[in-house]
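# Notes for the structure review
The chain contents come next:
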Amino acid sequence: MYTRLHEYFDVRCIDCNQSYGVDEIVYTCRGCGGLLEVHLDIERLSDVISIGLWRERPLNVWRYRELLPIFDDSKIVSMNEGGTRLLRCRNLAEEVGLENLYIKCEGDNPTGSFKDRGMSIGVSKALELGFKATLCASTGNTAASLAAYSARAGLKCYVLVPAGKIALGKLSQAMMYGARVLAVKGSFDSALKVAIQICLEEDRIYLLNSVNPFRIEGQKTAALEIFDQLGFNPDNIVIPVGNAGNISAYWKGFNELRMLGLTEKLPRMHGVQARGANPLVKAYRSMSWIVEPLENPETVATAIRIGNPISWKKALRTVHESRGSMIDVSDEEILDAQKLVARMEGLFIEPASAASIAGVRRLVEEGVIDRNEVTVCIATGHGLKDPEIALKICEPPIEVDPDTESLRRMLTV
Ligand code: F0G
């Protein structure tokens, strides 16, 4: 049935609107170099979509099958990604001064981050297009996810990571899933540049960074899930921003819901960067459409340690169109927020994810978000990804002799 879907999709340049077929291998516009986006003919798709049918399917990425540009069912590579918890956080809400605060727990995904949503589509597409190998540059989570999905698909996988700058959990995942891990002597930004170059030259290797527009199609399903889980769209989404693909993926998802006539309401999108890796915040503050890359980005949140976000234009458009904002938070605020959410809600999320918690606190303080607005923070990755941080910032275990007297001295209840 889904081979027919082919007719409803094409890939378009967000700048010059040049259209490409869904089976063309193209990462950026051949005419103007602009970013690409998968375009859906929503009007015609509405005829094949049944909301009732959606609701009968399990909550995961593939519930929204008709909105996903994979046409050959036999090529689908899935581990039931998506369907992550949307948890109401009453303790944290009170702490930051909100009535309705939710956290979308993307660490629930198969490899522990939101990347799995995009990789399910991206690696399925690699098979559909006949590739034998995949490649990405990554601060860690993309690498872990691509490695896992490529393993399941029987594809060779290469991941480029900034040497010495990726969290231990992520590195061990990529290695265990059998990817060839290449530690680039430089930043993530330099790794991404060379990753794109090599995939343009070696046309047998499929590039699966988020510049690849098919990945965004998987990631947009998180927005659809939030709508399904709440029964309506929230007032605000607060989300960490690194290479800037995910914030625009959510925005695309929310807009498709609106175009399908399921809701009129769109949330305001608030992007959060780490202070030491904040080129988009700087551009946003100066009301500029020119993003000055940062040569040496630095933050404890290694996942978003990015100085030259490739999807900057999509992210700035998202923030402006949604009347949201782009803010930065210090490493100290990030680590405080990471502890806070663990200790108040029992949620262990990685530092980059905690940027959204630090961000919501600030947005409430600054009056950007009102007390009674329904707000969802996106916790993009699991805390176990970066165990070294926890060991660094928490009280170490206390040694105790194995007798009740010694033990009792330690108990203060
Ligand atoms: N949170 C986590 C845990 C991430 O791993 C990333 C990105 C982001 C947020 C930011 O998302 O790049 O779409 O704005 N990680 C990429 C990687 C760069 O290689 O794993 P973004």
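Description of the structure in this document.

About the thresholds
- By convention here, each chain's residues receive numbers from 1 onward along its written sequence.
- Where local features are concerned, this predicted model is filtered to residues with pLDDT of at least 70; where side-chain atom pairs are given and counted, the filter is 80 or more; whole-chain, interface and lining totals use all residues.
- The basis for the side-chain values is all heavy atoms of the structure; hydrogens and waters are excluded.
- The criterion for a residue being near a molecule or strand is simple. One of its heavy atoms has to lie within 4 Å of it.
- The term polar contact refers here to a pair of N or O atoms within 3.5 Å; inside protein, the definition further demands a hydrogen-donor-capable atom paired with an acceptor-capable atom, and it admits residues adjacent in sequence only when both atoms are side-chain atoms.
- For the area figures, the Shrake-Rupley method with a 1.4 Å probe applies, and any residue is considered shielded solely by the protein chains shown.
- Think of it this way: any DSSP run of H or I at least four residues long counts as a helix, any run of E at least two long counts as a strand, and we number them from the N terminus.
- Only when DSSP finds a minimum of two bridges between them are two strands counted as paired.
- Burial status follows relative accessibility: with a 1.4 Å probe on protein chains alone, a residue under 20% of its type maximum counts as buried, one over 50% as exposed, and anything between as partly exposed.
- Should any heavy atoms of two residues lie within 4.5 Å, those residues are considered in contact.
- Every axis corresponds to a line fitted to the C-alpha atoms, with the helix fit spanning only the stretch in contact, and the corresponding angles, defined between N-to-C directions, vary from 0 to 180 degrees.
- The crossover handedness rule: strands pointing away from the viewer, path from first strand over the helix to second strand clockwise, crossover right-handed.
- The cut-offs work like this: below 35 degrees is roughly parallel, past 145 is roughly antiparallel, 65 to 115 is roughly perpendicular, and the gaps in between are oblique.
- Each crossing gets its handedness from the near helix: less than a right angle anticlockwise from the far helix is left-handed, clockwise is right-handed.
- Among the buried residues, those of types Ala, Val, Leu, Ile, Met, Phe, Trp, Tyr and Cys that are joined through side-chain atoms within 4.5 Å form a nonpolar core.

## Here's the deal with the site of the ligand
The local shell around the ligand holds 20 residues, among which Ser 138, Thr 139, Asn 243, Ala 244 and Thr 380 are the closest. For the ligand, an oxygen atom lies 2.7 Å from a polar atom in the backbone of Asn 243. Protein burial of the ligand: of its 470 Å² of free accessible surface, 98% is covered by the chains. If you list the elements that add at least two residues to the shell around the ligand, you get α5 (141-153) and α10 (245-259).

## Examining the sheet that holds strand β1 (residues 9-13)
Pairing is antiparallel across the open sheet formed by 3 strands, whose spatial order is β2-β1-β3. Unpaired on one side and paired on the other, β2 (19-20) and β3 (36-40) mark the two borders of the sheet. Across 5 bridges, the pairing between β1 and β3 is antiparallel. Each bridged residue has a counterpart across the sheet, and for Arg 12 the counterpart in β3 is Glu 37.

## Re the side chain of Asn 278
In this structure, Asn 278 sits in the loop between β11 (268-274) and α11 (279-285). For Asn 278, a relative accessible area of 5% translates into the label buried. The residues touching Asn 278, leaving out its near neighbours within four places in the chain, are Gln 273, Leu 294 and Asp 328.

## Some details on the sheet that holds strand β7 (residues 156-162)
Strand order in the open sheet formed by 4 strands is β8-β7-β6-β9, and the pairing between neighbours is parallel. For this open sheet the edge positions go to β8 (180-184) and β9 (205-207), each flanked by a neighbour on one side alone. When strand polarity is set aside, the average angle formed by the axes of neighbouring strands in this sheet is 25°. In terms of strand pairing, β7 meets β8 through 5 bridges, oriented parallel. From the neighbouring strand, Val 159 faces β8, where its bridge partner is Val 181. Along the sheet face, α5 touches β6 (133-137) and β7 and points at about 170° away from the line of β6. Against the sheet, helix α7 (residues 188-201) makes contact with β6, β7, β8 and β9, and its axis sits at roughly 150° relative to β6, the strand it touches most.

## Some remarks on the pairing of β11
Regular strands have side chains that alternate between both faces of the sheet. Most of β11 is tucked away, with 7 of its 7 residues classed as buried. Covered by surrounding structure in β11 are Arg 268, His 270, Val 272 and Ala 274 together with Met 269, Gly 271 and Gln 273, the residues of both alternating faces. In this structure, strand β10 (residues 236-240) lies alongside β11, joined through 5 bridges in parallel fashion. Residue Ile 237 lies in a different strand from β11, and its bridge partner there is Met 269. Crossover β10 to β11 through α10 is right-handed. Examined bridge by bridge, β11 and strand β12 (residues 325-329) share 5 bridges and lie parallel to one another. Paired with Ala 274 across the two strands is Val 329, which belongs to β12.

## Some details on the packing of α10 against helix α12 (residues 312-321)
At their nearest, the axes of α10 and α12 sit 8 Å apart, and the two run at 50° to each other. In this view, α10 runs oblique relative to α12, as classed from their interaxial angle. Between α10 and α12 lies a crossing whose hand is left-handed. For the pair α10 and α12, the contacting residues are Ile 247, Ser 248 and Trp 251 in the first and Lys 314, Ala 315, Thr 318, Val 319 and Glu 321 in the second.

## Concerning the nonpolar core
One recurring pattern in soluble globular proteins: nonpolar side chains tend to sit buried together. With 96 residues, the main nonpolar core has Phe 9, Leu 45, Leu 67 and Tyr 250 as its most contacted residues. Filtering out sequence-adjacent residues up to four positions away, Phe 9 remains in contact with Val 22, Val 38, His 39, Leu 40, Leu 45, Glu 66, Leu 67, Leu 68, Pro 69 and Phe 71. By size, the runner-up hydrophobic cluster in this structure holds 33 residues, among which are Ile 327, Ala 337, Val 364 and Ala 379.

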